[in-house]
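Architecture and fold: a report
Listed below are the residues making up each chain.
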Amino acid sequence: MSDSNTTRFTNPSTIILLGIPGLEAAHVWISIPFCTMYAIAILGNFTILFIVKREPSLHVPMFYFLCMLAVTDLVLSMSTVPKMLSIFWFNSREISFSACLTQMYFLRCSSVMESGIFVAMAVDRYVAICHPLRHFTTITNCMVFKIGLAVVLRGALLVLPYPFVTRRWPYCRINIIPHTYCEHMAVVKLACADTRISSYYGLFVAFFVPGLDVFFIAMSYILILRAIFRLPTKDARLKTFGTCVSHLCAISTFYIPVTFSSLTYRFGHNVALCFHVAIANVYLLVPPMLNPIIYGIRTKQIRKWLLWLVTHKRT
């Protein structure tokens, strides 16, 4: 690397995002499914928020948590996808360093929050199924607010060191990131400094925190399944388990892509870069798109409101 490229300076004024490396010629075509998924995610999550607000029977803890999930999905999508589409459509690759750090913060923060919301939803299902008589006295509106506040504070505080530490490093003159958004480790690699502490902390947030959340979710569902198998009839077991299906599907659509993306980025050195970037984008788009669809299909009240909205528009 030439000396001109390795000269240190405080931080770059702009970052260049390349999009999906190796597939630049296909960016316009790739944008079609990405834009479609983004539109479905925005419309679906705003619809969930609207229906829960308008339908009194949905003013219960499970759907309050669903609203938190919808807001988090909106933040996750809206903080990254518009810039991604501008790269695909207009070749607008530049992003200011401050905007890059802001995008990185909201991306990581919303991911940690979403993981915490899934834990809260699992605990809600555990109390509802294993202790049904105590559900509405245990998971009160006040308790939902406290859980939501704890989830927000955990995400905000855990991710807060990312932008502050990243801003303080000296950077090399290379300011190119082969990605569609400002991924933390990609930005870290631009620094001309010892970034091991930040890398270790990034690993902690990326693996230990979701790993702990998955542990609590798994423990909740082990207890839930034990309670379900103790029910006297098959119909009762199926009906009770059916109340958990939406949550399990949403958990799968979130944790499987994010785990695969994190593993390929950190350990998949032989994986093609374009494949890794594409998977990372799927993680941003698929869960926010599928969550409102999953809950819309499984919830009678939401289906009723969707039918009303469709027929009302036609008339």
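Going by the structure above, here's the rest.
Being a predicted model, the structure only gives us computed values, none of them experimental.

On to a nonpolar patch on the surface, then. A surface patch of nonpolar side chains, amounting to about 650 Å² of accessible area, comprises F204, F208, L212, F215, F216, M219 and I222. In this fold, F216 is placed in helix α10 (residues 196-229). Judged by relative accessible area, F216 falls into the partly exposed class, the value being 41%.

This part is about the sheet that holds strand β2 (residues 94-96). Spatially, 3 strands are ordered β2-β1-β3 in an open sheet, and the strand pairing comes out mixed. Each edge of the open sheet is held by one strand with a lone partner, namely β2 and β3 (176-177). Bridge analysis of strand β1 (residues 14-17) against β3 gives 2 bridges, and the strand direction is parallel. Each residue of the ladder has a partner; that of I16, found in β3, is I176. Lying over the sheet, helix α5 (residues 97-130) contacts β1 and β2, oriented at roughly 85° with respect to β2.

To continue, consider the state of the cysteines. In this structure the tally under the stated criterion is 1 disulfide. The disulfide partner of C100 is C182, and the gap between their sulfur atoms is 2.0 Å. Handedness of the C100-C182 disulfide follows from its S-S torsion of about -125°: it is left-handed. Highlighted residues: C100 in helix α5 and C182 in the loop between β3 and α9 (184-188), separated in sequence by 82 residues. A residue is classified by how much of its surface remains accessible, and C100, at 0% relative accessible area, is buried. We classify C182 as buried; its relative accessible area is 1%. Here C67 is not disulfide-linked; the sulfur of C142 is the nearest cysteine sulfur, at 18 Å. Between C274, a free cysteine, and C182, which holds the nearest cysteine sulfur, the sulfur-to-sulfur gap is 20 Å. On the accessibility criterion, C274 (24% relative accessible area) is partly exposed.

Rules used throughout
- Residues numbered from 1 in each chain as written.
- Predicted model: local features only at pLDDT ≥ 70, side-chain atom pairs only at ≥ 80, totals over all residues.
- Heavy atoms only, no water.
- Patch = residues over 30% accessible without salt bridge, like charges linked within 9 Å, V, L, I, M, F, W, Y side chains within 5 Å.
- Areas by Shrake-Rupley, 256 points an atom, 1.4 Å probe, with all protein chains shown as cover.
- Salt bridge = Lys/Arg side-chain N within 4 Å of Asp/Glu carboxyl O.
- Helix = DSSP H or I, 4+ residues; strand = E, 2+ residues; numbered from the N terminus.
- Buried < 20%, exposed > 50% of the residue type's maximum accessible area, 1.4 Å probe, protein only.
- Pairing = 2+ DSSP bridges.
- Contact = heavy atoms within 4.5 Å.
- Axes fitted to C-alpha atoms, helices over the stretch in contact; angles between N-to-C directions.
- Disulfide = S-S within 2.5 Å.

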